[in-house]
Amino acid sequence: MPRLRTVYAWELRKLLAQKRTFLGLGIAVLVPVVFAVALLVQQGQPEDVAFGRYVRQSGLAIPPVLLIFGSIWLFPLIAALVAGDIVAAEDNNGTLKTILTRSTDRSRIFVAKALAASTYAAVALALMGAVALVAGVAVSGFNPLVTLSGTTVSASKGLELIAFSLLVYMMPLLGIVAIALLLSVLTHNSAAAVVGALMISLILQLVTILPGLGALQPYLLTTQFNAWQGFLRTPIDYAPVVRAAWVCALYAVPCVAVAFTSFVRRDVTGG
Amino acid sequence: MTDASGAPPIHARGLVKEYGDVTAVAGVDLTVEAGDVYGYLGPNGAGKTTVLRMLLGLIRPTAGTARLFGRDPLLEGARALQGVAGFVEAPRFYPYMSGRRNLELLAALDGDGAAGRIDEALDIVEMTARQGHKVGGYSHGMRQRLGVAAALLRDPRLLLLDEPATGLDPAGMRDMRALVARLSSEGTTVLLSSHLMPEVEELCNRVAIVRTGRIVYEGDVESLRARAGGHWRLRTTDDVRAQQVLREQRGVSAVAGVPGTASAPSSLRFEADEAAIAALSIALVDAGAPPVELSPVRATLEDVFFTLTEDEPAVDGGLPATADPVPA
């Protein structure tokens, strides 16, 4: 049987051959560029968001602002755009039967697809982070960053903290990938899976503002999009990071398990 | 690439597939021996594709088992498809990649040297010139050819083809049939589903005829042909007198007049052994009604096919499932 690496590489090549892939990546690049250009041509700064006040003092403040902004729907959308499509598109093209009658087991194809969807989310996040850093430094300079605790860290320390923040941000993003992947397997419909995953992400955020449900907030997947902020406190607060790890696993593992079982056992009747 | 204990390429027993209340396949037994070109013949909706999907492990049988070279795709997954290739319904590819790129992807999923066979496979189906174009722009016939190329990458010992000539133009059909004949002569076992009797008659040595998910005939094509029988057609200078002669002649039966049509004059039809014909012609001449045409009319297999698939619903035991007395 072909190695997982080979199957995974082909899943990535398929992504690279599709326009929708570049839609998500394009947005990930465009958003920080637009933000930086807006800072150049406009006066003032976003006051009501953490780090918003400092975007003119240090370029390092721009990635955190975009992480906060992106957690509402932008990153869930980018992640779902590919994860929700990666199985359903095969249903749509009728190609599931084509690839499942070769010499590669269904389980290996599923794992390759899950890895490819996760890779895509990671690349989009890294791309946005890198572009935001470059654009931010170009506009506001590589200057020390004021943390959420009001202390100031050196520019190089700030850079390191932002890198860790992106890694932690990846955890809830993988949760979204898992949900979109599950919907992709179950619905056989790309649009339903993408929109469904996005809706779930939005509804989870809505839950927190409903009266009486506030106690649920620490255990919601979307809340974990704020966990990285623990790195930008002095001293570093690891509690939200640790919680994010197990809460995200609590969402992702069952979704992936059900998606896997369904994919491996399902009747392939389309095409 | 050894067979598990020389097991037959296809060995299916009691295959059933139900979708809710609908029974698509109602207990199919199927054995395809090495070297067969096996026709799986039935009208649309008879459950042919469903059986192929079960054989390839794409869907789970509600009951029964399917084994390819002794391996069950449900238990062994992709390993059961070793040496097996084919497609169900129209072959499908990634429209946003070129034909060649699609084959490269599938070859990667095959491993085992499949990538080295791409050029040859494209050449065999005459798609070399179009290999760089996106599949999205291919015609139905080109996709069909690419589907065959994709199957050939696996260097199959067993080829499963679902209505391979569907949607091809006459030249494409001819090429497809020539290819199947060639692969068979090179030792590939072929299972071919079809709703076209002439196709099966031309290519296959064995045939199963299915209707509503059940096999109503299974045997070699020669036996089916014998079963078809035939009749004779007679025109004479005096058909009234000839009819009288026929009725009195030994070994002649089922005499009937056939009214003329715009394209054919009126004639007589009857059934008889070839041995009775010589005596009959002498009798006709003696009676003053010499024949101007006396010719055998073979019933086509198509007639048998229609009889088997369009009659009153088949009653269990009404038609022998195996009409072939001689083991192949």
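Because the structure is predicted, anything quoted here is derived from the model rather than measured. (Residues numbered from 1 in each chain as written. Chains lettered and ligands numbered in written order. Predicted model: local features only at pLDDT ≥ 70, side-chain atom pairs only at ≥ 80, totals over all residues.)

Student: Pulling in residues and values, what's your account of the domain arrangement of chain B?
Tutor: Considered domain by domain, chain B is made up of domain 1 (10–83 + 156–226) and domain 2 (230–298). Placing the centre of domain 1 of chain B and that of domain 2 of chain B at their C-alpha centroids yields a distance of 42 Å. (Domains from an automatic or database assignment.)

Student: Give a detailed account of the interface of chain A and chain B, specifying residues and quantitative values.
Tutor: Each partner contributes to the interface: chain A provides 25 residues, whereas chain B provides 24 residues. Partitioned by chemical class, the residues of the side of chain A that touches chain B number eight nonpolar, eleven polar and six charged. (Contact = placed C-beta atoms within 7 Å. Nonpolar A, V, L, I, M, F, W, Y, C, P; charged D, E, K, R; others polar.)

Student: Residue-level account of the pairing of strand 1 (residues 10–19) of chain B, with values.
Tutor: All names here are of chain B. Relative to strand 4 (residues 63–68), strand 1 runs antiparallel, the two sharing five bridges. Among the inter-strand pairings, His11 is bridged to a residue of strand 4, identified as Arg67. Of the strand pairs in this sheet, strand 1 and strand 2 (residues 22–32) are connected by eight bridges, and their pairing is antiparallel. Within the sheet, the bridge partner assigned to Ala12 lies in strand 2 and is Leu30. Between strand 1 and the antiparallel strand that follows it, strand 2, lie two residues; Gly20 among them carries a positive phi value of about 60 degrees. (Pairing = 2+ DSSP bridges. Helix = DSSP H or I, 4+ residues; strand = E, 2+ residues; numbered from the N terminus.)

Student: Lay out the nonpolar core in plain terms, naming residues and giving numbers.
Tutor: Counting residues in hydrophobic clusters, the biggest one holds 163 residues, and the most contacted among them are Val177(A), Ala180(A), Leu181(A) and Ala149(B). Looking at this core, the element that brings in the most residues is helix 8 (residues 155–187) of chain A, giving 18 residues. Sequence-distant contacts of Leu181(A), defined by excluding residues within four places in its chain, comprise Ala83(A), Ile86(A), Val87(A), Ala114(A), Ala117(A), Cys255(A), Val256(A) and Ala259(A). Counting residues in hydrophobic clusters, the runner-up holds twelve residues, among them Leu234(B), Val252(B), Leu268(B) and Leu284(B). (Core = buried A, V, L, I, M, F, W, Y, C linked by C-beta atoms within 7 Å. Buried ≥ 20, exposed ≤ 12 C-beta atoms within 10 Å, placed from the backbone.)

Student: Describe the sheet that holds strand 4 of chain B, with residues and values.
Tutor: All names here are of chain B. One open sheet accounts for three strands, arranged 2-1-4; its pairing is antiparallel. Where the open sheet ends on each side, the last strands, each with one partner, are strand 2 and strand 4. The mean inter-strand angle of the sheet, taken between neighbouring strand axes irrespective of direction, is 20 degrees. The sheet strands contacting helix 1 (residues 48–55) are strand 1, strand 2 and strand 4, and the helix crosses strand 1 at an angle near 120 degrees. (Axes fitted to C-alpha atoms, helices over the stretch in contact; angles between N-to-C directions.)

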